[in-house]
Amino acid sequence: MNTTATATATASPAAFVPGVSWTEMVAHRGYLVRFAQRKLRDPLLAEDAVHDVFEAVLSGRAVFAGRAALRSWLTAVLKHKIVDAVRRNAGT
């Protein structure tokens, strides 16, 4: 196994990925909160889900590759966070 090729392959995607600025993300916050509120029917859980999306993007756990519109991509990440919230609260 070629370790240099593996190391290069894992490091290269971050080299060409366009970054998402805070102002670009916050511009979509209202839409994301409304979307989450419609799905979760709880304003506090909706705010938490949107916060989790922003945290994931800023920490680098979710990386925008530029293959879709930013709002579409943020909505997709939010959908995953909503599923996580529903699973977390399923027992209560």
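Definitions and cut-offs
- Residues numbered from 1 in each chain as written.
- Predicted model: local features only at pLDDT ≥ 70, side-chain atom pairs only at ≥ 80, totals over all residues.
- Heavy atoms only, no water.
- Patch = residues over 30% accessible without salt bridge, like charges linked within 9 Å, V, L, I, M, F, W, Y side chains within 5 Å.
- Areas by Shrake-Rupley, 256 points an atom, 1.4 Å probe, with all protein chains shown as cover.
- Salt bridge = Lys/Arg side-chain N within 4 Å of Asp/Glu carboxyl O.
- Lys, Arg positive; Asp, Glu negative; His and termini not counted.
- Charge placed at Lys NZ, Arg CZ, Asp CG, Glu CD.
- Helix = DSSP H or I, 4+ residues; strand = E, 2+ residues; numbered from the N terminus.
- Buried < 20%, exposed > 50% of the residue type's maximum accessible area, 1.4 Å probe, protein only.
- Axes fitted to C-alpha atoms, helices over the stretch in contact; angles between N-to-C directions.
- Parallel < 35°, antiparallel > 145°, perpendicular 65-115°, else oblique.
- Left-handed = near helix turned anticlockwise from the far one by under 90°.
- Contact = heavy atoms within 4.5 Å.
- Nonpolar A, V, L, I, M, F, W, Y, C, P; charged D, E, K, R; others polar.
- pLDDT = per-residue confidence, 0-100.

### Examining a positive patch on the surface
Here is step 1: Taken together, the side chains of Arg34, Arg38, Lys39, Arg41, Arg71 and Lys79 define a basic patch exposed on the protein surface.
Here is step 2: Elements represented by at least two residues in the positive patch include exactly α3 (29-40) and α5 (70-88).
Here is step 3: Examining the composition of the positive patch, we find that three residues originate from one element, α3, more than from any other.
Here is step 4: Looking at Arg41, the relative accessible area reads 73%, which means it is exposed.

### With respect to the packing of helix α4 (residues 43-59) against α5
Here is step 1: Packing of α4 against α5 leaves a shortest axis separation of 9 Å and a crossing angle of 125°. One finds that α4 runs oblique with respect to α5. Seen from above, α4 lies across α5 with right-handed handedness. Contact residues: α4 offers Ala49, Val50, Asp52, Val53, Ala56 and Val57, while α5 offers Trp73, Leu74, Val77, Leu78, Lys81, Ile82 and Arg88.
Here is step 2: Classifying every residue of the contact of α4 with α5 gives ten nonpolar, no polar and three charged.

### Remarks on the confidence of the model for the protein
Here is step 1: In the predicted model, the protein carries a mean pLDDT of 83, and the fraction of residues at 70 or more is 80%.
Here is step 2: Model confidence for the protein, summarised as mean pLDDT per element, is weakest for helix α1 (residues 3-16) at 43 and strongest for α3 at 97.
Here is step 3: Taken as a whole, residues 3-17 scores under 50 in pLDDT and shows four contacts with residues more than four places along the chain or in a different chain.

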